[in-house]
Amino acid sequence: SKKYIATPTKTNKILQKYDFAFKKSLGQNFLVDVNILDQIIYHAGINHTTGVIEIGPGIGALTEQLALQANQVVALEIDQRLIPILDDTLADYDNVRIVHEDVLKADLRKIIHHYFKEEQTIQIVANLPYYITTPILMKLLREDLPISKITVMIQKEVAERMAAKPHTKSYGSLTIAVQYYTEADIVMSVPKTVFMPQPNVESSVLQLTKREKPLVDVQNEAFFFEIVQASFAQRRKTLSNNLTTKFKGILTKERINHVLDMIKIDGSRRGETLTIEEFAILANAFYKEIF
Ligand code: SAM
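Residues numbered from 1 in each chain as written. Predicted model: local features only at pLDDT ≥ 70, side-chain atom pairs only at ≥ 80, totals over all residues. Heavy atoms only, no water.

With respect to the pattern of salt bridges
Next up, step 1: Under the defined criterion, the tally for this structure stands at 9 salt bridges.
Next up, step 2: Residue Lys17 pairs with Asp88 through a salt bridge whose shortest N-O separation is 2.9 Å. Residue Lys17 is located in helix 1 (residues 8-17), and its partner Asp88 is located in helix 4 (residues 82-89); the two are separated by 71 residues in the primary sequence.
Next up, step 3: The class of Asp88 is partly exposed, set by a relative accessible area of 32%.
Next up, step 4: Between Arg269 and Glu278 there is a salt bridge, with its nearest N and O atoms 2.9 Å apart. (Salt bridge = Lys/Arg side-chain N within 4 Å of Asp/Glu carboxyl O. Helix = DSSP H or I, 4+ residues; strand = E, 2+ residues; numbered from the N terminus. Buried < 20%, exposed > 50% of the residue type's maximum accessible area, 1.4 Å probe, protein only.)

Structural data, given as structure tokens:
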């Protein structure tokens, strides 16, 4: 029977063969459980026509399973030491391309154009390096790439913030930044025991499904996100107080309360009670007031 990379025995063998030492600073925690990988791929809903971009293939545990089920896999790996290892471990799969690049610096639009067919559905599937989870996801969302879905293993706590609902502790500016562009769901909880070495934090698989267009219409995106930030600046303070701090020297407290009255949002509420739609109304009203 075929021995997959994602088993403790095979992984140890590969690590020994190449005398590979994990770099904590690169978030290297490799998956050693084929069952978990299969579940991730099942949730992603990949088939033989799907193009997949993987971020951080490691020694190829997830890459191998993706190669078996997807049309093509392009994997971006920053660690030079892993490139010859991947050439070896994935030698049997002719639908995998390894790109030696830092995902945060990579021109993803160019990579997509170069490796995938025009009109091909492209998804991101990855066990992300946790030290840069948020920068990676925000880059993928802001660049408005032709990617339909993102299915990623990340820290549980960050997954909860990204998928949060109003009136919860996890709900904040990160929630809104993510849900402005996508529908966010936690699809799996993953025990530490399936990683080598085991991480210090709990993990979840987060799925982001791209919206056709942003959830709300805002006059100015940068200003919308500024208002959101300001509303959560001091979580225990009221909306009215946070906005007063934000607009110090620009708008008086009276003026701010007048705007809130006009749009019928109670200034004594806290930021965490506002829906994204309400934040849009708020941002558009203050934008009109100032500009
Ligand atoms: N996919 C493999 C698995 O599941 O076993 C490895 C996942 S490990 C959590 C994260 C991987 O991302 C490592 O291989 C690491 O070297 C790589 N990595 C870290 N920073 C990166 C970056 N900026 N760009 C691309 N890859 C990166």
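More follows now that the structure is in view.
Section: the site of the ligand
Next up, step 1: Taken together, the neighbourhood of the ligand is formed by 24 residues, with Leu31, Gly56, Glu77, Asp102 and Tyr131 sitting nearest.
Next up, step 2: Contacts to the ligand include Glu54, whose side-chain N or O atom sits 3.1 Å from a nitrogen atom.
Next up, step 3: One of the side-chain nitrogen or oxygen atoms of Asp102 is found 2.9 Å away from a nitrogen atom of the ligand.
Next up, step 4: In isolation the ligand exposes 600 Å². Once the protein is present, 99% of that is buried.
Next up, step 5: Of all the cavities here, the one that holds the ligand is the largest cavity.
Next up, step 6: Every element with two or more residues in the shell around the ligand is listed here: strand 1 (30-31) and strand 3 (72-77).
Next up, step 7: Counted by class, the shell around the ligand contains 13 nonpolar, 6 polar and 5 charged residues. (Near = heavy atom within 4 Å. Polar contact = N/O pair within 3.5 Å; in protein donor to acceptor, adjacent residues only side chain to side chain. Areas by Shrake-Rupley, 256 points an atom, 1.4 Å probe, with all protein chains shown as cover. 1 Å grid on protein atoms, 1.4 Å probe; cavity = no way out; pocket = protein on both sides within 12 Å on 5 of 7 lines; lining within 4 Å. Sits in = over half its atoms within 2 Å of the grid points. Nonpolar A, V, L, I, M, F, W, Y, C, P; charged D, E, K, R; others polar.)

Thoughts on empty space enclosed by the protein
Next up, step 1: Counted according to the given criterion, the structure contains 2 cavities of 30 Å³ or more.
Next up, step 2: One number sums up the size of the largest cavity: a volume of about 340 Å³.
Next up, step 3: Around the largest cavity, the lining is made up of 27 residues, and of these Ile55, Gly56, Glu77, Asn127 and Pro129 lie nearest the centre.
Next up, step 4: Mapped by element, the contributors of at least two residues to the lining of the largest cavity are strand 1, strand 2 (51-55), helix 3 (61-69) and strand 3.
Next up, step 5: What the second largest cavity holds in volume is close to 60 Å³.
Next up, step 6: Put simply, the parts of the chain that give the lining of the second largest cavity at least two residues each are helix 6 (133-142) and strand 9 (203-210).
Next up, step 7: Residues of the lining of the second largest cavity, tallied by class, amount to 6 nonpolar, 2 polar and 1 charged. (Points joined across faces, edges and corners; volume = space filled by probe spheres on them.)

A closer look at the layout of surface pockets
Next up, step 1: Looking at the largest pocket, its volume works out to about 350 Å³.
Next up, step 2: Along the wall of the largest pocket there are 15 residues; nearest its centre are Ile112, Glu119, Gln120, Ile122 and Pro146.
Next up, step 3: A per-class count over the lining of the largest pocket returns 6 nonpolar, 4 polar and 5 charged.
Next up, step 4: A class-by-class count of the residues in the lining of the second largest pocket yields 6 nonpolar, 6 polar and 1 charged.

Focus on the sheet that holds strand 7 (residues 182-190)
Next up, step 1: Overall, mixed pairing links the 7 strands, which are arranged 4-3-2-5-6-9-7 in an open sheet. Whereas interior strands pair on both sides, the edge strands pair on one side only; in this sheet they are strand 4 (96-100) and strand 7. Strand-to-strand twist across the sheet, computed as the mean angle between neighbouring axes with direction ignored, equals 20 degrees.
Next up, step 2: Direction of pairing for strand 3 relative to strand 4: parallel, over a ladder of 5 bridges. Paired with Glu77 across the bridge in strand 4 is His100.
Next up, step 3: Relative to strand 7, helix 8 (residues 173-181) is tilted by about 115 degrees, and along the sheet it contacts strand 7 and strand 9. (Pairing = 2+ DSSP bridges. Axes fitted to C-alpha atoms, helices over the stretch in contact; angles between N-to-C directions. Contact = heavy atoms within 4.5 Å.)

Keep in mind these numbers describe shape, not what the thing actually does.
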